[in-house]
Amino acid sequence: MEFSHNDNNNLPLTKFESMLKTNHILFFDSEEFENIIHHYLNQGKIGLAKKAIKVGLDQHPTSINLRLFKVEVYVFEDKLIDADNLLNELYSLDPTNEEIYIQKANVLSKKDQHQKAIDVLKKALTLTDDLVDLYSLIGMEYLFLDKYEEAKTHFMKCLEADLQDYSALYNIIYCFEFLNQNEDAISYLNVFLDKNPYCEVAWHQLGKQYMVLKNYDKALAAYDFAIISDDTFVGAYLERGKVLEKLNRYEDAIENYSITLKLDEPTSFALLRIGSCYEKLKNDDLAVQYYYKTVHEDPLLDKGWIAITKFYNKKKNYQKALYYINKAINIDAENVTYWKLYSHINQRLNHFEEAERGFKKTLELGNYELNTWLSRGDLLIKLGEPQAAIYNFEQALEFYPENAEIEYRLAGLYFLLNENEKGKFHLKNGLKYNNEYSFILEELFPKVSNRILVRNLLKQNL
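Remember, predicted model here, so these are calculated numbers, not experimental data.

Asker: Just give me the short version of the overall build of the protein, but keep the residues and values in it.
Answerer: When helices and strands are counted, the protein shows 28 helices and 0 strands. The C-alpha radius of gyration of the protein comes to 33 Å, more than 25% above the 23 Å expected for a compact globule of 462 residues. With respect to the principal axes defined by its C-alpha atoms, the protein has extents near 100 × 55 × 50 Å. When the 462 residues of the protein are sorted by exposure, 47% land in the buried category. Long-range pairs, those at least 24 residues apart, make up 48% of the contacts in the protein between residues at least 6 apart in sequence.

Structure representation (structure tokens):
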């Protein structure tokens, strides 16, 4: 029983809290203590739960259920040795109490001994008629072990016992998806829907499976049934909008996303998708309005800032694109995609120093794509910083050994600095790895490519 402040069931709770304030000891039966403790644990009020357990055990020292709550608190506080000792004591008193086994399994799970936890839970199955919770616990332990087939089997048993157990349904589909068994998931959901045809959650999940298989017509039909089952199901409208986008039905997609804005608080996802649909319909004014709404609704959503920046980038309005990517960077300076966009926009504006700074920051944040190294190095060449460019490309070689594009650039830089032996070494490497990229020398180092030494090396190897 859970206490509510709107009914008379909270009398023991009120009485207990009054006792704590006045320090007058009042008597409660053990079941009242159990309900009080359960209430506090559900509310996350561990301190009050511990007080209730202490007072309860003072009044009912032999109560196994109250001591089991003590075990639960021990586990929560990671006092696993204390929990184990108390469980062993309780087991000697009542070896057929399934709750002792459940708590023992909980302790083993916290110790990452998941198979032992499963063995204990399976023993508990023989001691109770209430099997559903145990099947769910066993399923979760199998998930910890990455044994998805076994987990799926146990969650299915939960759903067989209770068709409304949507938590089990989600876990079953999760297992199917992890095992890439989308066709099997569809078959399972169809059988389930034969028994429970107005289950909006199952229709929603069925639509998602059809989406993975790119069967958009069937996905659309599944979401239609989800909405028929519950016309306030926001998730179904959102997913339906995604399918309609895939089918290039952008106006219909906008209609579905717009419904979600009326049913619930506006979500940045729906606003972003509406903006994207309007952009595809060439309605730039409405597209940009919704992009503005997106970043206003959720300034931390990177996709919103990226969308508005790319919108102006495509329109070749680089100053506005730069303005918005700068705003994004001010909010989250650790976002790699922001810095890459920042660099590309600055390149378009011939702001080479800022562009180089952006690529440098991108690398510092762990984005080691080849194009990032090449772009930064080429900017350093353009900025007249050959030593910094060499250092950049030598770092790049550690990630991309035997890469011709890097080797030609290093060759050109070393020849530029009149370090001919190093230049020859890297040029020969470049020609060995891919002689078709030799045009890089002409493009980036036209004076070097005209030197007799370089021309002779190219002739010998082309």
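Asker: Account for the nonpolar core, with residues named and values stated.
Answerer: Where a protein is soluble and globular, its nonpolar side chains tend to be buried together. Within the largest apolar cluster, 87 residues are counted, with the highest numbers of intra-cluster contacts made by L169, L206 and I325. If you look at the next biggest cluster of nonpolar residues, it comprises 28 residues, including L363, L374, I381 and I406.

Asker: Pulling in residues and values, what's your account of the packing of helix α12 (residues 200-212) against helix α14 (residues 234-246)?
Answerer: Contact geometry of α12 with α14 gives a least axis separation of 10 Å together with a crossing angle of 25 degrees. With respect to each other, α12 and α14 are oriented roughly parallel. Note that α12 runs across α14; the crossing there is left-handed. Facing α12, whose interface residues are H204, K208 and M211, α14 presents G235, A236, E239, K242, V243 and K246.

Asker: Describe in detail the environment of F439, supporting the description with residues and values.
Answerer: By the secondary structure assignment, F439 is in helix α26 (residues 439-444). A residue is classified by how much of its surface remains accessible, and F439, at 38% relative accessible area, is partly exposed. When the C-alpha atoms of F439 and E17 are compared, they prove to be 82 Å apart, with 422 residues separating the residues in sequence.

Asker: Quick one: what's the story with the state of the cysteines, residue by residue and with numbers?
Answerer: Summed over the entire model, instances satisfying the criterion amount to 0 disulfides. The cysteine C175 is free of any disulfide, with C158 supplying the nearest cysteine sulfur at 11 Å. Taking the relative accessible area as the measure of exposure, C175 reaches 0% and is therefore buried.

Asker: Outline the packing of helix α2 (residues 30-43) against helix α4 (residues 64-76), listing residues and values.
Answerer: Orientation of α2 relative to α4, taken along the N-to-C sense of each, is 20 degrees, at an axis distance of 10 Å. Of the possible angle classes, the one that applies to α2 and α4 is roughly parallel. Relative to α4, α2 is oriented so that their crossing is left-handed. In this structure, α2 contributes S30, F33, E34, I37, H38 and L41 to the contact, and α4 contributes N65, L66, F69, E72 and V73.

Asker: Lay out helix α19 (residues 318-331) in plain terms, naming residues and giving numbers.
Answerer: Helix length check: α19, at 14 residues, gives a terminal C-alpha distance of 20 Å against a target of 20 Å (1.5 Å per residue), a fit within 8%. Taken as a whole, α19 has its buried residues at Y318, A321, L322, Y324, I325, A328 and I329. Where α19 is buried, its residues touch α17 (284-297), α18 (302-314) and α20 (336-348).

Asker: I'd love a proper account of the packing of aromatic side chains, names of residues and values included.
Answerer: Under the defined criterion, the tally for this structure stands at 17 aromatic pairs. Considering the side-chain rings of Y148 and F178, the 4.0 Å spacing of their centres and the 20 degrees angle between planes classify their relative orientation as stacked. Of this pair, Y148 sits in helix α9 (residues 148-161) while F178 is found in helix α10 (residues 166-178), placing the two residues 30 residues apart along the sequence. Overall, the relative accessible area of 7% leaves Y148 in the buried class. Accessibility expressed as a relative area gives 46% for F178, which makes it partly exposed. Of the aromatic side chains, those joined through ring pairs into one cluster are Y291, Y292, F311, Y312, Y323 and Y324. The ring of Y290 carries the charged tip of K293 above its face, separated from the ring centre by 4.4 Å.

Asker: Describe unusual backbone geometry, and please don't skip the residues or the numbers.
Answerer: Of note in this structure, K316 is not a glycine but carries a positive phi near 60 degrees. Mapped onto the elements, K316 comes out in the loop between α18 and α19. Since its relative accessible area comes to 62%, K316 is described here as exposed. Unlike most non-glycine residues, N418 shows phi in positive territory, near 60 degrees. Following the sequence through the fold, N418 ends up in the loop between α24 (404-416) and α25 (420-433). Given the relative accessible area of 56%, N418 is considered exposed.

Asker: Talk me through the pattern of salt bridges; I want residue IDs and the actual numbers.
Answerer: On inspection of all chains with the given rule, the structure shows 13 salt bridges. One salt bridge connects E245 with R273, and the closest N-O pair in it is separated by 2.6 Å. Placement of the pair is E245 in helix α14 and R273 in helix α16 (residues 268-280), with a sequence separation of 28 residues. Residues E245 and R273 agree in their burial class; the two are buried. Among the salt bridges present, the one from R249 reaches D252, with a minimum N-O distance of 3.0 Å. Looking at R249, the relative accessible area reads 35%, which means it is partly exposed. Salt bridges here are not isolated pairs; linked through shared partners, they connect E245, R273 and K280.

Thresholds applied
Residues numbered from 1 in each chain as written. Predicted model: local features only at pLDDT ≥ 70, side-chain atom pairs only at ≥ 80, totals over all residues. Heavy atoms only, no water. Helix = DSSP H or I, 4+ residues; strand = E, 2+ residues; numbered from the N terminus. Rg over C-alpha atoms; globule rule 2.2 N^0.38 Å. Buried < 20%, exposed > 50% of the residue type's maximum accessible area, 1.4 Å probe, protein only. Contact = heavy atoms within 4.5 Å. Core = buried A, V, L, I, M, F, W, Y, C linked by side-chain atoms within 4.5 Å. Axes fitted to C-alpha atoms, helices over the stretch in contact; angles between N-to-C directions. Parallel < 35°, antiparallel > 145°, perpendicular 65-115°, else oblique. Left-handed = near helix turned anticlockwise from the far one by under 90°. Disulfide = S-S within 2.5 Å. Expected span 1.5 Å × (residues − 1). Phe/Tyr/Trp six-rings, centres within 6.5 Å; stacked < 30°, edge-to-face > 60°. Lys NZ or Arg CZ within 6 Å of the ring centre and 35° of its normal. Salt bridge = Lys/Arg side-chain N within 4 Å of Asp/Glu carboxyl O.

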